[in-house]
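Structure assessment
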There are 2 protein chains.
Amino acid sequence: MVLYFIGIGLCDEKDITLRGLEVIESADKIYLESYTAILSPNANIEKVLGKKTIIEADRKFIEEGSDIMLDEATNQQVVLLVVGDPLCATTHSDLMLRAYEKNIQVEIIHNASIISAIGATGLQVYKFGETVSIPFFDNNWQPESFYDKVKLNMKQGLHTLCLLDIKVKEQSLDNMMRNLPIFESPRYMNINQAIKQLYIIEKKRNERVALPSTLAFGVARIGSKNQLILAGTLEQLSSVDFGEPLHSLVLCHPELHLIEKKFFEIANKRMIDQLEARSV
Amino acid sequence: MVLYFIGIGLCDEKDITLRGLEVIESADKIYLESYTAILSPNANIEKVLGKKTIIEADRKFIEEGSDIMLDEATNQQVVLLVVGDPLCATTHSDLMLRAYEKNIQVEIIHNASIISAIGATGLQVYKFGETVSIPFFDNNWQPESFYDKVKLNMKQGLHTLCLLDIKVKEQSLDNMMRNLPIFESPRYMNINQAIKQLYIIEKKRNERVALPSTLAFGVARIGSKNQLILAGTLEQLSSVDFGEPLHSLVLCHPELHLIEKKFFEIANKRMIDQLEARSV
């Protein structure tokens, strides 16, 4: 039979395509990947799926249990719903390779990905280097690898899309030790916090990757009716309240080309208007 | 009012999203951009739009007549349907800037773009440089700028997505001179022809950008039920019949990383099987 990777887009249940919906209607099993990304917290994918049961494929499932799904796909029509476009994350490429190895037929239903949707900033999509993820820092864990990647992108004249961490279905250390299935409330990193973390590393490393003067776009709820795209220096953006999740941050290469510059100026004016409206 | 840029995805009328369909249902005017890209020749977008009239926005319209559309958007709900994701092509960024200048509110409904869908090859989407378009050569016009861009991408360690020319609604020189609205049959460049044109420039320039040994992916009808993704050297791919349009070609940077290499091998084996099946 077939393993379908179906992209469900950026925001909510209305972002699915007619083709995706059609495949789901005839599927035997439906998994929803909730590990690399999620739709907006208010999304309700069940709404468009009718009576079908959705099995959540969390981190543990994808890392340890996905053989079950692959085995099912040898004699059933199995669907894995993935936020965005299915093959932008390495996790899914890897899953696809494993399906090929088991001679399972794979079909992909594409959808919008932040990789191309980020074009809504006016920045050229091919002028982006490797996408990075900024994880929540804690006292014991403050990784710097994303800083190195941003630096490398800038050196090559490229912008960097920073995806900000989400923590859903996390257990406290205590509950994990006691093997209790009790989960903390979900957390979504906002743009302000991402900038703070960039500053923490900048202070340590001092390699001029994330200065208060660095040009950036803050992007909230991209693709939704109430999306917000503002541009400015990191210092300017750090004082803006972008509201509800999900947030992303683009660190720009300083040399914007002509059209990019115009978009930056418009989004910068929008930011200043917003800050002024608030301080009145 | 609002000017909506609605992405309609890669293949046919079933690639539209529920959100896109909802906006279309309440729109006053619907334009379909048919200049930078088209859906597959068999697509029938009218099928999902019901009784709504679609106005074709061809090259002439976008370049000369789009002020009409912008003016309508000041007091009506106007939709521009765009193949793929609306902001991957500079043409639409430019249109969006002009809308901003006229204080028209712009909303974007994202969809799948070849920019992210090309991840279906197994190549990492951020390892692609600037996308190029390969135009049909004729006796008088054989531009080489795409060759230079591929060369630059390769030098930077990046793959190149080559979009192949389509000619729809073209007039013969004779009919154009006489201002007769008679159009030639549509033409779609196939992968074999794209390779031939790359060889023509390679022979002239000799800069080792497109050799028979260059690694590449040939991609036909991406995102459709009968898509075909094969990998090999340009020499191998040049003898494959990829069938119906639309076709694209990816010229790979020679140093593939581990996962990319595995995907290449699978797609190369698929190509060899296909060639053998034919010669039996």
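Residues numbered from 1 in each chain as written. Chains lettered and ligands numbered in written order. Predicted model: local features only at pLDDT ≥ 70, side-chain atom pairs only at ≥ 80, totals over all residues. Heavy atoms only, no water.

1. Observations concerning the domain arrangement of chain A
All names here are of chain A. Here is the rule we go by: By convention here, the domain bounds are inherited from an automatic or database domain assignment. The criterion used for residue contact is that any of the two residues' heavy atoms lie within 4.5 Å.
We note that the domain assignment places domain 1 (2-112) and domain 2 (115-278) within chain A. Computed from C-alpha atoms alone, the centre-to-centre distance between domain 1 and domain 2 is 27 Å. Opposite the 10 residues of domain 1 that make contact, domain 2 presents 12 residues.

2. Focus on helix H10 (residues 258-279) of chain A
So the rule is basically this: For helices the rule is a DSSP run of H or I covering at least 4 residues; for strands it is a run of E covering at least 2, with both sets numbered from the N terminus onward. A helix is expected to span 1.5 Å for every residue after the first. Burial classification: accessible surface area is computed with a 1.4 Å probe over protein chains only, and a residue below 20% of its type maximum counts as buried, one above 50% as exposed, and the rest as partly exposed.
Taking 1.5 Å of rise per residue, the 22 residues of H10 of chain A would be expected to cover 32 Å, and the 32 Å separating its terminal C-alpha atoms lies within 8% of that figure. Every buried residue of H10 of chain A is accounted for by Ile259, Glu260, Phe263, Phe264, Ala267, Asn268 and Met271 of chain A. Tucked inside the fold, the buried residues of H10 of chain A contact strand E10 (215-220), strand E11 (228-233) and helix H9 (234-237) of chain A together with helix H4 (90-101) of chain B.

3. Quick look at the packing of helix H4 (residues 90-101) of chain A against helix H10 (residues 258-279) of chain B
Short version of the rule: Axis lines are fitted to C-alpha atoms, over the contacting stretch for helices. Their N-to-C directions set the angle, which ranges from 0 to 180 degrees. Here is the rule for angles: anything less than 35 degrees is roughly parallel, anything more than 145 is roughly antiparallel, 65 through 115 is roughly perpendicular, and the remaining ranges are oblique. Each helix crossing is assigned a hand: it is left-handed if the near helix lies turned anticlockwise from the far helix by less than a right angle, otherwise right-handed if that turn is clockwise. Side-chain classes are defined by residue name, with Ala, Val, Leu, Ile, Met, Phe, Trp, Tyr, Cys and Pro counting as nonpolar, Asp, Glu, Lys and Arg as charged, and the others, Gly among them, as polar.
Contact pair H4 of chain A / H10 of chain B: the axes reach a minimum separation of 11 Å and the direction vectors enclose 40 degrees. The orientation of H4 of chain A relative to H10 of chain B falls into the category oblique. Pair H4 of chain A / H10 of chain B crosses with left-handed handedness. Contacts between H4 of chain A and H10 of chain B involve Thr90, Ser93, Asp94, Met96, Leu97 and Tyr100 of chain A from the former and Ile259, Lys262, Phe263, Ile266 and Arg270 of chain B from the latter. Here the residues of the contact of H4 of chain A with H10 of chain B sort into 6 nonpolar, 2 polar and 3 charged.

4. Some words on the interface of chain A and chain B
Threshold: Joining two parts hides part of their accessible area as seen by a 1.4 Å probe, and the buried area is that hidden amount summed over both. When a carboxyl oxygen of Asp or Glu lies within 4 Å of a side-chain nitrogen of Lys or Arg, that pair is called a salt bridge. For this analysis, a polar contact is any N or O atom pair within 3.5 Å, provided that within protein one partner can donate a hydrogen and the other can accept it, and provided that sequence-adjacent residues contribute only side-chain to side-chain pairs.
Every contact between the two is made by 51 residues of chain A and, on the other side, 51 residues of chain B. Counting each side, the surface lost to burial between chain A and chain B is near 4,200 Å², with a carbon and sulfur contribution of 60%. Where Arg19 of chain A meets Asp15 of chain B, a salt bridge forms, and the shortest distance between an N and an O atom there is 2.7 Å. Inspection of the region where chain A meets chain B yields 20 residue pairs in polar contact (both at pLDDT 80 or more). Broken down by secondary-structure element, the contributors of at least two residues to the side of chain A that touches chain B are helix H1 (18-25), H4, strand E5 (105-109), helix H5 (114-117) and H10 of chain A. Of the residues contributing to the side of chain A that touches chain B, the split by class is 24 nonpolar, 14 polar and 13 charged.

5. With respect to the pattern of salt bridges
Going through the model one piece at a time under the given rule, you end up with 36 salt bridges over all chains. For Arg19 of chain B, the salt bridge is made with Asp12 of chain A, and the minimal N-O distance between the two is 2.9 Å. Within this pair, whereas Arg19 of chain B is found in helix H1 (residues 18-25), its partner Asp12 of chain A is found in the loop between strand E1 (2-7) and H1, the two belonging to separate chains. Across the pair, exposure class does not vary: Arg19 of chain B and Asp12 of chain A are buried alike. With a shortest N-O distance of 3.3 Å, Glu130 of chain A and Lys149 of chain A are connected by a salt bridge. Of this pair, Glu130 of chain A sits in the loop between H5 and strand E6 (132-134) while Lys149 of chain A sits in helix H6 (residues 145-155), placing them 19 residues apart in sequence. Of the residues examined, Lys149 of chain A reaches a relative accessible area of 35% and is grouped as partly exposed.

6. Side note on the UniProt feature "binding site: S-adenosyl-L-methionine" (unreviewed entry) in chain A
Where we set the bar: UniProt positions are given in the numbering used here, feature names are shortened, and annotations may be inferred rather than shown by experiment.
Feature annotation in UniProt places "binding site: S-adenosyl-L-methionine" (unreviewed entry) on Leu10, Asp85, Ser113, Ile114, Leu164 and His247 of chain A, given in this structure's numbering. With respect to the element layout, Asp85 of chain A can be found in the loop between strand E4 (78-82) and H4. Classification of Asp85 of chain A as buried rests on a relative accessible area of 3%. Sequence-distant contacts of Asp85 of chain A, defined by excluding residues within four places in its chain, comprise His110, Asn111, Ala112 and Ser113 of chain A together with Ser116 and Ala117 of chain B. Separated by 3.0 Å, the side chains of Asp85 of chain A and His110 of chain A make a polar contact. The residue Leu164 of chain A is located in strand E7 (residues 160-164) in this model. The contact partners of Leu164 of chain A, leaving out residues within four places of it in the chain, are Ile134, Met189, Asn190, Ile191, Ala194, His247 and Ser248 of chain A.

7. Section: the sheet that holds E6 of chain A
Backbone-to-backbone hydrogen bonds join strands into a sheet, with any given pair of strands oriented parallel or antiparallel. All names here are of chain A. Note the cut-off: Two strands qualify as a pair provided that DSSP identifies no fewer than 2 bridges between them.
The strand order across the open sheet built from 5 strands is E6-E7-E12-E10-E11, with neighbouring strands paired in mixed fashion. Whereas interior strands pair on both sides, the edge strands pair on one side only; in this sheet they are E6 and E11. Across the sheet, the axes of successive neighbouring strands diverge by a mean angle of 25 degrees, strand direction being ignored. In this sheet, E11 lies alongside E10 in antiparallel orientation, the contact comprising 6 bridges. Residue pairing across strands places Val219 opposite Ile229, the latter belonging to E11. Packed on one face of the sheet, H6 meets E6, E7 and strand E12 (247-251) and runs near 140 degrees to E6. Here helix H8 (residues 191-205) sits on the sheet and contacts E6, E7, E10 and E12; the angle it forms with E12, its principal contact strand, is near 45 degrees.

8. Quick notes on the pairing of E1 of chain A
For E1 of chain A, the buried fraction is high: 6 of the 6 residues fall into the buried class. Every second residue of E1 of chain A is oriented toward a common face, with Val2, Tyr4 and Ile6 of chain A on one face and Leu3, Phe5 and Gly7 of chain A on the other, all of them buried.

9. Considerations on the state of the cysteines
We apply this condition: Pairs of cysteine sulfur atoms within 2.5 Å are identified as disulfides in what follows.
Throughout the structure, instances matching the rule amount to 0 disulfides over all chains. No disulfide involves Cys162 of chain B; its nearest neighbouring cysteine sulfur is the one of Cys252 of chain B, lying 10 Å away.

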